[in-house]
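Chain by chain, the residues:
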Amino acid sequence: MRRLILTAATTFLAFLLLAPPAWADWVWPLRGEVITPYRNGDDPYASGQHRGIDIAGDVGAPVVAAAGGDVRFAGTAGSSGLTVSVRTADGRYDTSYLHLSSTAVREGDRIAAGERLGTVGTSGVRSASTPHLHFGIRDAGSRHAYHDPLDLLPPAPPASPAPRGAPAPQP
């Protein structure tokens, strides 16, 4: 019995150490600073909420799929401007990319994480005046079950390295 418990405990520990983190299949849709954080309260109709994050970027910078899946919508969506919506391949989430200046996908396309789906723009009514991507995640098929994208995205990408031949910064 003791051997069985020890084997089970060892197997469980190995699983914990080898299992990928929740964000392993997600990538940042745009490299840039998060300029507006996620804010969502218990009342889905309360004012002052921001159901995603705004990532600063230059107009025309490429926007890529944060997770692979099926394009459910690509077009103008009211005050959100030019928008792409992707249902993740596992069917768990709907991801949305707002305020684009162009799209590179169409409804029905299947895309992989990291595949280009459009470019940063200034379309629609924006919460920040600088060009940015609004990136949101919610439970698939839900209107109000939003998630903070920072809970699913990998840690922020590192700053760009210094050019080759440049002196290393002094401590």
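Turning our eyes to something else, we now look at the side chain of S96. Turning to its location among the elements, S96 is positioned in strand β6 (residues 93-103). Among the residues examined, S96 registers a relative accessible area of 16% and is labelled buried.

A separate point is the nonpolar core. Counting 27 residues, the largest nonpolar core has W26, V84, Y97, L100, L117 and F135 as its most contacted members. For this core, the elements supplying multiple residues, two or more each, are β2 (53-56), β5 (82-88), β6, β8 (116-120) and β9 (132-139). Residues in contact with W26, not counting those within four places in the same chain, are A66, A67, T88, Y93, T95, F135, I137, L152, L153 and P154.

This part takes up unusual backbone geometry. With phi around 70 degrees, H99 is a residue other than glycine that occupies positive phi space. Within the element layout of this structure, H99 appears in strand β6.

The next point concerns the confidence of the model for the protein chain. With 74% of its residues at a pLDDT of at least 70, the protein chain reaches an overall mean of 81. Within the protein chain, the lowest mean pLDDT, 50, falls on helix α1 (residues 2-18), and the highest, 98, falls on strand β7 (residues 110-111). Across residues 12-23 the pLDDT falls below 50, and counting only partners more than four positions away or on other chains, this stretch makes four contacts in the model. This model gives residues 158-171 a pLDDT under 50, and the stretch forms one contact once residues within four places in sequence are excluded.

Before going further, it helps to spend a moment on the environment of I137. Relative to the elements of secondary structure, I137 occurs in strand β9. Sequence separation between I137 and D94 is 43 residues, and the spatial gap between their C-alpha atoms is 5.8 Å. The residues contacting I137, other than those within four sequence positions of it, are W26, Y93, D94, T95, A145, Y146, H147, P149 and L152.

The rules behind these values
Residues numbered from 1 in each chain as written. Predicted model: local features only at pLDDT ≥ 70, side-chain atom pairs only at ≥ 80, totals over all residues. Heavy atoms only, no water. Helix = DSSP H or I, 4+ residues; strand = E, 2+ residues; numbered from the N terminus. Buried < 20%, exposed > 50% of the residue type's maximum accessible area, 1.4 Å probe, protein only. Core = buried A, V, L, I, M, F, W, Y, C linked by side-chain atoms within 4.5 Å. Contact = heavy atoms within 4.5 Å. pLDDT = per-residue confidence, 0-100.

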